[in-house]
Amino acid sequence: MVSLSNEKEKGIAFMKEQKYDKAAQMFTKFIDNNPNDPVGYVNFANLLSHLQDHERAERFYLRAIEIDPKSATAYYGLGNLYFEKDIFNQAQKQFEKALQQGLDEADIYYMLGLSLVNQEQDLRAIPHLQRAVELNSEDVEARFQYALALAKSGSVGLSKKEFIEVIEADPNHSDAHYNLGIVYLFEENLELALSYLDKAIESQPNHLLALNAKEKVAELWNNIEES
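Procedures and definitions
- Residues numbered from 1 in each chain as written.
- Predicted model: local features only at pLDDT ≥ 70, side-chain atom pairs only at ≥ 80, totals over all residues.
- Heavy atoms only, no water.
- 1 Å grid on protein atoms, 1.4 Å probe; cavity = no way out; pocket = protein on both sides within 12 Å on 5 of 7 lines; lining within 4 Å.
- Points joined across faces, edges and corners; volume = space filled by probe spheres on them.
- Helix = DSSP H or I, 4+ residues; strand = E, 2+ residues; numbered from the N terminus.
- Nonpolar A, V, L, I, M, F, W, Y, C, P; charged D, E, K, R; others polar.
- Buried < 20%, exposed > 50% of the residue type's maximum accessible area, 1.4 Å probe, protein only.
- Arc of directions from axis to C-beta.
- Contact = heavy atoms within 4.5 Å.
- Polar contact = N/O pair within 3.5 Å; in protein donor to acceptor, adjacent residues only side chain to side chain.
- Axes fitted to C-alpha atoms, helices over the stretch in contact; angles between N-to-C directions.
- Parallel < 35°, antiparallel > 145°, perpendicular 65-115°, else oblique.
- Left-handed = near helix turned anticlockwise from the far one by under 90°.

Novice: What is the right way to look at the layout of surface pockets in this model?
Specialist: To find the voids left in a structure, one rolls a probe of water-molecule size over its atoms. Reported here for the largest pocket is a volume of approximately 170 Å³. Contributing elements (two or more residues each) for the lining of the largest pocket: α3 (38–50) and α5 (72–84). Element by element, the count of residues in the lining of the largest pocket is highest for α3, at five residues. Of the residues belonging to the lining of the largest pocket, the class tally is four nonpolar, six polar and no charged.

Novice: Just to check I follow, could you spell out helix α1 (residues 7–16) for this structure?
Specialist: It helps to recall that an α-helix has 3.6 residues per turn; residues three or four apart then point in one direction. Within α1 the residues assigned to the buried category are Gly11, Ala13 and Phe14. Angularly, the buried residues of α1 cover 165° about the axis, an arc narrow enough to put them on a single face. Considering only its buried residues, α1 is in contact with α2 (20–33). Here α1 starts with a cap whose side-chain oxygen sits 3.1 Å from the backbone nitrogen of Lys8, and that cap is Asn6.

Novice: Just checking my understanding: could you explain the packing of α1 against α3 for this structure?
Specialist: A pair of packed helices is captured by two measures, namely the crossing angle of their axes and the spacing between those axes. Two elements in contact, α1 and α3, have axes whose closest approach is 11 Å; the angle formed by their N-to-C orientations is 15°. Comparing the axis directions of α1 and α3 gives the class roughly parallel. Of the two elements, α1 crosses α3, and the hand of that crossing is left-handed. Note on element contacts: α3 touches α1 through Val39, Asn43, Asn46 and Leu47, opposite Lys8, Ile12 and Met15. Broken down by class, the residue content of the contact of α1 with α3 amounts to four nonpolar, two polar and one charged.

Novice: I'm lost on the environment of Thr28 in this one. Help?
Specialist: Considering the arrangement of structural elements, one finds Thr28 in helix α2. Judged by its relative accessible area of 32%, Thr28 falls in the partly exposed class. Sequence spacing of Thr28 and Ala91 is 63 residues, and the spatial spacing of their C-alpha atoms is 27 Å. Within polar-contact distance, the side chain of Thr28 engages the backbone oxygen of Ala24 at 2.8 Å.

Written out as structure tokens, the structure reads:
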């Protein structure tokens, strides 16, 4: 039962209850009654974005920013919208603006890091992904992406520690097992490499990268034994 004090809070409650038509009505009323409050536009934009109406959501985010150029949540929402549309350079810009306006949460550092990763800028992504992990150490996927960016940037030793922590938190994380196997292959430890590749395949039997890597490692192992 919704018994909150204003349209904004009721709209948010209806969104959580997946009553999107009623949420839209509440946000519309809030905007009508508070046309110069950016929060109403951000909330309506969040709803539209959730419903995949990206074009209208973008207009509402931009309207919120027009009213208040310091609206960190509007920049963050707009960044998420561009990320979903695979416009990663624009997503990056909006997340950076949200940070400039004081938004300091794990999610924004994570999304900024991913935006850079998707532009093949892993080295630049590392400090943002690291900060995301610092702010939320239980976010397994953020830690995995941090480890992956470290590995791709050449910091293999640091990435190994993070991959191990991912596996400790999620023993069935097949991609972490696979990448740790590759780290041990890089270190020329074929026994451990095979062990972790096997665990990746055990967690995800159709993991093609792990299957291919295991085949190549097995060939190396056999060649060493025969020589």
